[in-house]
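What follows is each chain in one-letter form.
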Amino acid sequence: MRTRVKVCGFTREQDIEAAVAVGVDAIGLVFYPHSARCVSIEQAQTLRAQIPAFVSTVCLFVNAAPAEVQAVIEHVRPDLLQFHGDEPAQYCDSFKHPYLKALRVGAPGLETGSNLLAQAQQYQSSQGLLLDAYTPAYGGSGTAFDPLILDQMQAIQAQQARRLPVCIVAGGMRVENVTERIQRWRPYAIDVSSGVEDAPGIKNANKMQEFMRVVTQAR
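The shown structure was predicted, so the numbers you read here are calculated from the model rather than taken from an experiment.

A. Highlighting the overall build of the chain. Counting secondary structure elements, the chain contains eight helices and 10 strands. Dimensions of the chain, computed from the C-alpha atoms along their principal axes, are close to 45 × 40 × 30 Å. Here the chain holds 219 residues, and 51% of them are scored as buried. Restricting to contacts in the chain with at least 6 residues of sequence separation, those with at least 24 account for 62%. Accessible surface, the chain as shown: approximately 10000 Å² in total, 50% of it carbon and sulfur. A gap of 6 Å separates the mean positions of the 20 positive and 21 negative side-chain charges of the chain.

Now the structure itself:
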């Protein structure tokens with residue numbers, strides 16, 4: 001199975017066009033006000049109109065008020081929500097909308113594989129678990145997490161035959177390391193942002209093309 005790719009943090013229509021042209025599977029729009037990649041609902045509607053059928057639109061939130069999430073659902077019509085903060089499962093489930101849950105590997109309480117697995121099991125109703133590095137910026141920093149933590153989690157999961165939603169790996173992804181990450185963890189998907197940018201929110205078409213080429217060839 002080909003590893004799927006989500007590129008997150010779009011702010012420009014031409015970047016979405018370039019991403020679609022090279023075969024990106026999912027487009028991420030950020031609604032976290034403290035992010036340099038944050039877009040308004042009006043901007044998101046314009047960007048959403050550029051995303052064709054069979055490419056997923058994912059809207060990212062960090063500890064947002066429920067009314068803010070509901071407004072995006074209504075006006076942007078995302079295929080998936082992505083909760084990237086400290087949101088409990090009950091909160092995520094309350095919107096009755098498909099979602100991804102990000103877990104910040106290495107955060108307090110998530111420094112070991114067993115703790116990470118215990119946290120992951122709380123989100124069985126999610127469409128996928130996105131494993132990102134722990135940073136104050138809540139993603140998009142280009143920082144990688146300690147790979148041994150995910151190694152440990154996968155080993156425990158296999159030993160105990162625990163079932164989890166699909167795994168999406170993020171955190172410092174770039175052309176130079178993505179093949180090794182795919183071979184090491186066999187994730188369902190990769191999430192990349194800064195690794196295909198010239199600046200926050202400004203994607204580079206050539207970088208996206210090369211990233212997709214490397215991911216497609218990874219075995």
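Past the structure itself, the notes keep going.
B. Expanded view of the layout of surface pockets. Approximately 300 Å³ is the volume found for the second largest pocket. What lines the second largest pocket is a set of 16 residues, and nearest its centre among them are A26, S56, L80, L100 and Y188. Contributions of two or more residues to the lining of the second largest pocket are made by β1 (4-8) and β3 (56-61). With three residues, the top contributor of residues to the lining of the second largest pocket is β1. Here the lining of the second largest pocket is composed, by residue class, of 10 nonpolar, two polar and four charged.

C. A look at the environment of L148. By secondary structure assignment, the location of L148 is in helix α6 (residues 147-160). On a C-alpha basis, the gap between L148 and T112 in space is 8.5 Å, while along the polypeptide they are 36 residues apart.

D. Structural detail: the environment of K207. Structurally, the position occupied by K207 is in helix α8 (residues 205-217). Those residues in contact with K207, other than ones at most four positions away along the chain, are G195, V196, E197 and D198. A distance of 2.8 Å separates a polar atom in the side chain of K207 from the backbone oxygen of E197.

E. Representation of the pairing of β3 in the model. Buried residues dominate β3, accounting for five of its six residues. Note: strand β2 (residues 26-30) against β3, five bridges, orientation parallel. Each residue of the ladder has a partner; that of V30, found in β3, is L60. Bridge analysis of β3 against strand β4 (residues 80-83) gives four bridges, and the strand direction is parallel. Each residue of the ladder has a partner; that of C59, found in β4, is L81. For the segment spanning β3, helix α3 (residues 66-76) and β4, crossover handedness is right-handed.

Conventions used here
- Residues numbered from 1 in each chain as written.
- Predicted model: local features only at pLDDT ≥ 70, side-chain atom pairs only at ≥ 80, totals over all residues.
- Heavy atoms only, no water.
- Helix = DSSP H or I, 4+ residues; strand = E, 2+ residues; numbered from the N terminus.
- Buried < 20%, exposed > 50% of the residue type's maximum accessible area, 1.4 Å probe, protein only.
- Contact = heavy atoms within 4.5 Å.
- Areas by Shrake-Rupley, 256 points an atom, 1.4 Å probe, with all protein chains shown as cover.
- Lys, Arg positive; Asp, Glu negative; His and termini not counted.
- Charge placed at Lys NZ, Arg CZ, Asp CG, Glu CD.
- 1 Å grid on protein atoms, 1.4 Å probe; cavity = no way out; pocket = protein on both sides within 12 Å on 5 of 7 lines; lining within 4 Å.
- Points joined across faces, edges and corners; volume = space filled by probe spheres on them.
- Nonpolar A, V, L, I, M, F, W, Y, C, P; charged D, E, K, R; others polar.
- Polar contact = N/O pair within 3.5 Å; in protein donor to acceptor, adjacent residues only side chain to side chain.
- Pairing = 2+ DSSP bridges.
- Right-handed = clockwise from strand over helix to strand, strands pointing away.

Treat this as a map of the structure, not an account of what it does.
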